[in-house]
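# Structural features, examined
The primary structure of each chain is shown beneath.
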Amino acid sequence: MKYSYYPGCTLKTKAKELNDYAIASAKALGIEMEEIEDWQCCGGVYSTATDEIANKLSSVRALAQARDKGQDLLTLCSACHNVIKRVNNDMRNNEDFRTRANNYMAPDMEYNGEANVIHYLEMLRDVVGFDNLKKAVVNPLKGKKIAAYYGCLLLRPGKVMEFDDPENPKIMEDFIKAIGATPVIFSQRNECCGGYMTLNDKELAQKRSNAVVASALEQQADCMITACPLCRYNLVANATENQIPVYYFTELLAEALGVKKEVNINKEMITDISGVNPRKCMKCGKCSATCPAFDAMDYHPHQFVDMVENGRIEALMQSKSIWNCLSCMACVQRCPRSVEPGKLVEAIRLAVIRQQGMNHLSEEAIPELLDPELPQQAIVSAFRKYKR
């Protein structure tokens, strides 16, 4: 099965994991996602003003491309899905809008709503089937209690989106069951997180995000999943009263299917995890000179910075340095340019252990390592450093 795929802007920048895990998982399920050519931003939000045409034309062009290939248009980002689905509804059912939009288009690109728009989760439910997905799982996420956060855009307006029951959805809970975990139902799962209000009224965004996270925690959730990059941002950055891990649903899908390790770890992912800008390095070498584990490392702190900057991530992932770093943060403290090499080492290590089967320390190894006088702190810290 092949789909025309519209990724959208954020999935190429801040939400690469949502995109990359989706593609890897689809491949494992026999689904091909063919990215459409020369796509443009959908606009991020659907305008209800009936006289606004131009800001919806990028969606019309994407729909026309899918139509011309004889394929359904697959979306992943909640916001993109909402915009494109609603524009397609306008092109099908609003003659005035359709006429005016086509007047903007090239004569050979007339579009009248022929394409179908399908979200990735709908594809899993209606095409793959959750029963078949369950059969494809090689690493069931048993014991995980997962709260599915729908937010606004997948569900509303219900008569147009036709995604699920807007008041009592279950598609994401059924997905959670299919990957072997336990779904957690919570009252705020289809209420707004604050959305783009984080830009001009951060207090409101924090209030809404705190309410959503508190609701999930009240029901004993271990983590949350979402399909929306902005929702994930708000639930992580603006939930100031309580914290809970928030994942893109595709990451847990890839983990369950055993393909998470196939997602490419690149420079951008490492800099995103670490928050470090390696370009600030002036190559003075002070970080390596101050490193107490210098002799035990095959790549030294200043080399880490240079190799990340030049995209040599695979070599670093195979190095013993990521396990021998003491996390003492001497290099972070003493760097005159605030490059913080230790954070890059930590980011590489985390990228490795987040891949399925790449834990550096197992529970079985603990008994023979134990010393009766060893503080519990050592065990907890070791698992934090070496194991997911």
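To be clear, the structure that these remarks concern was listed above.
The following paragraphs examine the structure supplied in this document. (Residues numbered from 1 in each chain as written. Predicted model: local features only at pLDDT ≥ 70, side-chain atom pairs only at ≥ 80, totals over all residues. Heavy atoms only, no water.)

Moving on to the pattern of salt bridges. For side chains of opposite charge, pairing can occur when their charged atoms come near one another. Summed over the entire model, instances satisfying the criterion amount to 16 salt bridges. Note that Asp126 and Arg125 form a salt bridge whose closest N and O atoms lie 2.7 Å from each other. What makes Arg125 partly exposed here is its relative accessible area of 27%. Put simply, Glu340 and Lys343 hold a salt bridge, and the shortest N to O gap is 3.2 Å. The network of salt bridges with shared partners includes Arg67, Asp68 and Glu114. (Salt bridge = Lys/Arg side-chain N within 4 Å of Asp/Glu carboxyl O. Buried < 20%, exposed > 50% of the residue type's maximum accessible area, 1.4 Å probe, protein only.)

A few words now on the sheet that holds strand β3 (residues 73–75). Spatially, the 4 strands line up as an open sheet ordered β2-β1-β3-β4, and their pairing is parallel. Where the open sheet ends on each side, the last strands, each with one partner, are β2 (32–35) and β4 (117–119). The average angle at which neighbouring strand axes cross in this sheet is 45 degrees, direction not considered. In this structure, strand β1 (residues 2–6) lies alongside β3, joined through 3 bridges in parallel fashion. Paired with Ser4 across the two strands is Leu73, which belongs to β3. (Pairing = 2+ DSSP bridges. Helix = DSSP H or I, 4+ residues; strand = E, 2+ residues; numbered from the N terminus. Axes fitted to C-alpha atoms, helices over the stretch in contact; angles between N-to-C directions.)

So, about the sheet that holds strand β5 (residues 145–148). Sheet strands associate in pairs through backbone hydrogen bonding, adopting either a parallel or an antiparallel arrangement. The strand order β6-β5-β7-β8 describes an open sheet built from 4 strands, whose pairing is parallel. Whereas interior strands pair on both sides, the edge strands pair on one side only; in this sheet they are β6 (182–184) and β8 (246–248). For this sheet the average axis-to-axis angle between neighbouring strands, irrespective of direction, equals 40 degrees. Sheet topology note: the strand β7 (residues 223–226)/β8 ladder contains 3 bridges and is parallel. Residue pairing in the sheet places Thr226 in a bridge with Tyr248 of β8. Packed on one face of the sheet, helix α11 (residues 249–257) meets β5, β7 and β8 and runs near 75 degrees to β8. (Contact = heavy atoms within 4.5 Å.)

What follows is about the packing of helix α3 (residues 78–93) against helix α4 (residues 95–104). One way to put it is that α3 packs onto α4 with a least axis distance of 6 Å and a crossing angle of 105 degrees. Put simply, α3 runs roughly perpendicular to α4. Contacts between α3 and α4 involve Val87, Asp90, Met91, Arg92 and Asn93 from the former and Glu95, Phe97, Arg98, Ala101 and Asn102 from the latter. For the contact of α3 with α4, the residue count by class is 4 nonpolar, 2 polar and 4 charged. (Parallel < 35°, antiparallel > 145°, perpendicular 65-115°, else oblique. Nonpolar A, V, L, I, M, F, W, Y, C, P; charged D, E, K, R; others polar.)

Between helix α14 (residues 301–309) and helix α18 (residues 341–353), whose axes approach to 9 Å, the crossing angle comes to 65 degrees. As judged from the angle between their axes, α14 and α18 are roughly perpendicular. Crossing of α14 against α18: the hand is left-handed. Counted together, Pro301, Phe304, Val305 and Val308 of α14 and Pro341, Leu344, Val345 and Ile348 of α18 form the full contact between these two elements. A breakdown of the residues in the contact of α14 with α18 according to their chemical character gives 8 nonpolar, no polar and no charged. (Left-handed = near helix turned anticlockwise from the far one by under 90°.)

We now examine unusual backbone geometry. When glycine is set aside, most residues are seen to have a negative phi, and most peptide bonds are trans. For the bond running from Arg156 to Pro157, omega is 0 degrees, close enough to zero to count as cis. Counting through the fold element by element, Pro157 comes out in the loop between β5 and α7 (158–161). In this structure, Ser338 is a non-glycine residue whose phi angle is positive, near 55 degrees. Of note, Ser338 is situated in the loop between α17 (330–334) and α18. The backbone of Glu340 shows a phi angle near 60 degrees, a positive value even though the residue is not glycine. Within the element layout of this structure, Glu340 appears in the loop between α17 and α18.

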